[in-house]
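# Inside the fold
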Amino acid sequence: MFEENPPSRYLTRLAHPEDCQEANTAVSHVLRDQENTGHVPVDNSDSFASSGDLSASSTSPQNHLANLKMLMSRQKAEYESKIASLEQRNRELQSEIKDLHSKLGQQRKWYRLVETKMQNAERAKEDAERRNEMLQKEMEEFFETFGEINRWK
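Positions within a chain are numbered from 1, following the residues in the order the chain's sequence is written. Note on the predicted model: pLDDT of at least 70 is required for a residue's local features to be given, and 80 or more for side-chain atom pairs to be given and counted; whole-chain, interface and lining totals, by contrast, use all residues. By convention in this description, side-chain values take in all heavy atoms of the structure and omit both hydrogens and water.

### Considerations on the overall build of the protein
Per the convention used, a helix needs a DSSP run of H or I reaching at least four residues, while a strand needs a run of E reaching at least two, with both numbered from the N terminus. Within the protein, the secondary structure is distributed over three helices and zero strands. When the elements of the protein are put in sequence order from the N terminus, they spell out α-α-α. In the protein, buried positions account for 12% of the 153 residues. A contact between two residues is defined here by any heavy atoms of the two lying within 4.5 Å. Across the protein, every contact between residues at least 6 apart in sequence was considered, and the portion connecting residues at least 24 apart equals 51%. A 1.4 Å probe and the Shrake-Rupley method give the accessible areas. Residues count as covered only by the protein chains that appear here. Just so you have it, the protein exposes about 13,100 Å², and 56% of that area is on carbon and sulfur atoms. Categorising residues by exposure relies on relative accessible area from a 1.4 Å probe, with only protein chains included: less than 20% of the type maximum marks a residue as buried, more than 50% marks it as exposed, and the intermediate range marks it as partly exposed.

Here it is in structure tokens:
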């Protein structure tokens, strides 16, 4: 999901920035990775130094540290932007989930209502069948009785 930024893996190792050896190792790894990927950091120094002056040259630890800080700030801005985007998407999805839960609740109510109506219809059908059977028996009894009455007349 996130792009891997090779220099960041060295920066995360710096638990104690006062450890100069660790910092120098990280800087050399970052520079090597930058050379391998073709990314050359911009030299922001205002001073122009002679070729023999290491403290002001583009390979000085101070410039490397400044470049690393700049890289970290860019990464931080990028990650914060991604986090904000993900948080916004999360809010949208939570809203969608809330709507879906509401619709699901309505569907369940509708299902229970339909189920109740079907049960009532089934009961009404059974009652109607019982009444029809009773009426059939009553009619048979009536005709038997009516037939006996007509025979006596």
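### Digging into a negative patch on the surface
Surface patches are defined over residues having more than 30% relative accessible area and no salt bridge, joining like charges when they lie within 9 Å and nonpolar side chains (Val, Leu, Ile, Met, Phe, Trp, Tyr) when within 5 Å. Note on definitions: salt bridges are taken to be side-chain nitrogens of Lys or Arg within 4 Å of carboxyl oxygens of Asp or Glu. Neither His nor the chain termini are counted; the positive set is Lys and Arg, and the negative set is Asp and Glu. Throughout, a charge is located at the NZ atom of Lys, the CZ atom of Arg, the CG atom of Asp or the CD atom of Glu. Together, Glu138, Glu140, Glu141, Glu144 and Glu148 make up a region of like negative charge exposed at the surface. Relative to the assigned elements, Glu140 resides in helix 3 (residues 61-152).

### Notes on the confidence of the model for the protein
Averaged over every residue, the pLDDT of the protein is 78; residues scoring 70 or more account for 60%. The predictor reports its confidence for every residue as pLDDT, a score running from 0 up to 100. Model confidence for the protein, summarised as mean pLDDT per element, is weakest for helix 1 (residues 6-11) at 46 and strongest for helix 3 at 94. Confidence drops under pLDDT 50 across residues 1-19; counting only partners more than four residues distant or on other chains, this segment forms 26 contacts. Predicted confidence for residues 41-56 stays below pLDDT 50, and this span has 14 contacts to residues more than four positions away or in other chains.

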